[in-house]
Amino acid sequence: MSPPPPSTNISLTSDMKEIRFIELQKLFVDKFKCEPKYFVRVPGRVNLIGEHIDYCGYSVCPMAIQQDILIAVCESNNFSISLTNTDPNHKDFSCDIRTFSILEEGSSPPGWYSYVLCGVRGVLESLTSENHIPVGFLAAVTGNIPLASGLSSSSALVCSAALATALVNKVQFTFDQLAVVCAQSERYIGTQGGGMDQAIAFLATAGSAKHIEFDPLRTTEIQLPSDAVFVIAHSLHSLNKAATSDFNQRVAECRLAGQIIAKKKGLTWRKINKLADLQVSLKLTLAEMEDIVAETLHEHPYTKEEVCQALEVTEQELEHSSLNPKVKHVKTFKLFQRALHVFQEAGRVDKFCKICEEGDRSNALEQLGQLMQASHQSLAKLYECSHPQLDQLIEVASKYALGCRLTGAGWGGCTVSLATKATAPALVDLLKEEFYLKNPMYKGQDLNTLVFITKPGSGCRIYDTEEMD
Ligand code: GLA
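Fair warning: this is a prediction, and the values are worked out from it, not measured in the lab.

(A) Quick peek at the packing of aromatic side chains. What the rule picks out here adds up to 9 aromatic pairs. Taking 5.1 Å as the distance between ring centres and 80 degrees as the angle between the ring planes, the aromatic pair formed by Phe21 and Tyr463 counts as edge-to-face. Pair noted here: Phe21 is in helix 2 (residues 19-32) and Tyr463 is in strand 14 (residues 461-464), with a separation of 442 residues, a long-range link. The same class applies to Phe21 and to Tyr463, which are both buried. Judged by centre distance (4.0 Å) and plane angle (0 degrees), the ring pair of Phe93 and Tyr113 falls under stacked. Here Tyr113 lies in helix 3 (residues 112-126) and Phe93 lies in strand 4 (residues 93-96), a separation of 20 residues in the sequence. A relative accessible area of 13% places Tyr113 in the buried class. Taken together through their ring pairs, the aromatic side chains of Phe21, Phe39 and Tyr463 make up a single cluster. Its guanidinium or amino end placed over the ring of Tyr383, Arg250 lies 5.9 Å from that ring's centre, counting from NZ or CZ. Note that Arg338 overlies the ring of Tyr383, its terminal NZ or CZ placed 6.0 Å from the centroid.

(B) Highlighting unusual backbone geometry. Geometrically, the link from Asp215 to Pro216 is a cis peptide bond, its omega value of 0 degrees lying close to zero. Mapped onto the elements, Pro216 comes out in the loop between strand 6 (209-213) and strand 7 (218-222). Its identity as a non-glycine residue notwithstanding, His52 has a phi of 60 degrees, on the positive side. Structurally, the position occupied by His52 is in the loop between strand 1 (38-49) and strand 2 (61-75). Here His52 falls in the buried class, since its relative accessible area comes to 4%. At Trp411, a position not held by glycine, the phi torsion is positive, near 60 degrees. Tracing the chain through its elements places Trp411 in the loop between strand 11 (403-407) and strand 12 (414-420). For Trp411, a relative accessible area of 9% translates into the label buried.

(C) The nonpolar core, seen in detail. Among the nonpolar cores identified, the biggest contains 137 residues, and Tyr58, Leu224, Leu275, Leu297 and Phe352 are the most heavily contacted of them. Counting residues per element, this core draws most heavily on helix 12 (residues 335-357), at 12 residues. Each residue touching Leu275, except ones within four places of it in the same chain, is listed here: Cys56, Tyr58, Cys254, Ala257, Gly258, Ala339, Val342 and Phe343. Ala397, Tyr436, Leu450 and Val451 belong to the second-largest nonpolar core, a separate cluster that totals 22 residues.

(D) Representation of the UniProt feature "domain: GHMP kinase C-terminal" (unreviewed entry) in the protein within the structure. Here, the residues flagged by UniProt with the feature "domain: GHMP kinase C-terminal" (unreviewed entry) are residues 363-436. Annotated as 55% helix and 16% strand, the span residues 363-436 places its first and last C-alpha atoms 31 Å apart.

(E) Layout of the packing of helix 4 (residues 153-168) against helix 5 (residues 175-185). At a minimum axis separation of 10 Å, helix 4 and helix 5 run at an interaxial angle of 125 degrees. With respect to helix 5, the element helix 4 is oriented oblique. Along this stretch, helix 4 crosses helix 5, giving a crossing that reads as right-handed. Counted together, Val158, Cys159, Ala162 and Leu163 of helix 4 and Phe175, Leu178, Cys182 and Ser185 of helix 5 form the full contact between these two elements. Residues that form the contact of helix 4 with helix 5 fall into these classes: 7 nonpolar, 1 polar and no charged.

(F) Here's a closer look at the environment of Tyr115. Locating Tyr115 in the fold gives a position in helix 3. Note on Tyr115: relative accessible area 8%, which makes it buried. Between the C-alpha atoms of Tyr115 and Ser153, which are 38 residues apart in sequence, the distance is 9.9 Å. What Tyr115 contacts, discounting residues up to four positions off in sequence, is Pro110, Ser154, Leu157, Val158, Ile189, Asn240 and Ala242.

(G) Broad picture of the pattern of salt bridges. In total, this model carries 25 salt bridges according to the counting rule given. Across the pair Arg45 and Asp197 runs a salt bridge, and its minimum N-O distance is 2.9 Å. In this pair, Arg45 is assigned in strand 1 and Asp197 in helix 6 (residues 196-203), connecting sequence segments 152 residues apart. Like Asp197, Arg45 is buried. Here Lys170 ties to Glu75 by a salt bridge, and the two come within 3.9 Å at their closest N and O atoms. Taken together, the positions of Lys170 in the loop between helix 4 and helix 5 and Glu75 in strand 2 put the pair 95 residues apart, joining distant regions of the chain. Taking relative accessible area as the criterion, Glu75 reaches 41% and is therefore assigned partly exposed. Overlapping salt bridges bring together Arg250, Glu253, Lys334, Arg338 and Glu384 as one network.

(H) Examining the site of the ligand more closely. Taken together, 13 residues form the shell around the ligand, and within it Glu51, His52, Asp54, Gly194 and Asp197 come nearest. Here an oxygen atom of the ligand and a side-chain polar atom of Glu51 are 2.6 Å apart. Here His52 contributes a backbone N or O atom positioned 2.7 Å from an oxygen atom of the ligand. For the ligand, the protein covers 97% of the area, taking 300 Å² as the surface of the free molecule. Residue composition of the shell around the ligand, by class: 4 nonpolar, 4 polar and 5 charged.

Cut-offs applied
- Residues numbered from 1 in each chain as written.
- Predicted model: local features only at pLDDT ≥ 70, side-chain atom pairs only at ≥ 80, totals over all residues.
- Heavy atoms only, no water.
- Phe/Tyr/Trp six-rings, centres within 6.5 Å; stacked < 30°, edge-to-face > 60°.
- Helix = DSSP H or I, 4+ residues; strand = E, 2+ residues; numbered from the N terminus.
- Buried < 20%, exposed > 50% of the residue type's maximum accessible area, 1.4 Å probe, protein only.
- Lys NZ or Arg CZ within 6 Å of the ring centre and 35° of its normal.
- Core = buried A, V, L, I, M, F, W, Y, C linked by side-chain atoms within 4.5 Å.
- Contact = heavy atoms within 4.5 Å.
- UniProt positions renumbered as here; feature names shortened; annotations may be inferred.
- Axes fitted to C-alpha atoms, helices over the stretch in contact; angles between N-to-C directions.
- Parallel < 35°, antiparallel > 145°, perpendicular 65-115°, else oblique.
- Left-handed = near helix turned anticlockwise from the far one by under 90°.
- Nonpolar A, V, L, I, M, F, W, Y, C, P; charged D, E, K, R; others polar.
- Salt bridge = Lys/Arg side-chain N within 4 Å of Asp/Glu carboxyl O.
- Near = heavy atom within 4 Å.
- Polar contact = N/O pair within 3.5 Å; in protein donor to acceptor, adjacent residues only side chain to side chain.
- Areas by Shrake-Rupley, 256 points an atom, 1.4 Å probe, with all protein chains shown as cover.

In structure tokens:
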């Protein structure tokens, strides 16, 4: 079988006349003295609702955005991977595809190329033939997704590198398979994310958001009300989730909450990895799971000793069964709050999808907005992953937005607001005037890259330059 065919629902030649393609091709030729064989384009995403629940096994509702990672690529004639980037802050990198390591000792945050290597590793590990001799590649990379902003620039890089590797190695994957491979391999960066970002990167369709379910991965189109418009705004505070342990701590807290509840309910707690596993084992509804949290967990933080006692394990056993290396130092865990957020947020996703399924009706937008607002309150209070600048953006947006929430991992990054066709331009102007121009962190950046209206974009695309001739 051959690699996935290039997408046909667009005019490839006209896409490739875009200035970004032309400039990237020039960089590629200048650097590598040959022509690229493929271009690979992978979008960023904005998550509309369902935050910090994909790694607990619950479904989410993101859509692809217009900003993307674009890679020009061709195979190398030795085993090297050679990378160059249009961003001068991202230095050239090369390594041997047979021997590379993803993270260098002591480099935190990881270098940009580490995300590329995650994608490469994922594809190489998935090859079924033991006799496959890996083919390296030359790649020039450019991107316009704001970095460390909750819009999934890292996953877009991982996914585009995986596609590039699959193409030059002439191995066949479906986009569904690549989404799963990349979700796993991105964890080599050190963050225990779920599969939302990679799934939407590969499987988005222009014009609709997606309802993404996991284990196994399934996607369904969500038709948003026709008057819905989404506005993304940057909080002026970036956070690279691979550089801190906050994200992994939340993953661990959710797992521990599930395991302690399982133990109290007489289940085999070691089999419970995600809160969704627990719900399946208990055969309860999400609302009933909220009651279980209130019955079985206490609100004040659990100490590590208390967790060990509850599970009847030593600290060493706990580290092995439930914690990843980045959170071994953590001494207290807020299990009640994190589990409550997860079950309630999963319920909000169900309601969000149901409202969209019911089609345009008079108060649909208001209801969707309320769900988004409630999601943010929960992320701020129960999940503690907001940031004062995000909260301030949300307060300013509330004058015109029907609902507004942080999007992505949080602790900085962006908000997404729901507005209407009529109010969105006024919302953008309001945020410019009342948030950016009055904020000491605003240092004259292009306002249109900080706050913008977005529509559901398409998933990844492959352009085979030889088929263009
Ligand atoms: C990051 C992770 C996702 C998801 C979000 C939070 O983007 O990569 O898998 O967990 O955070 O919803």
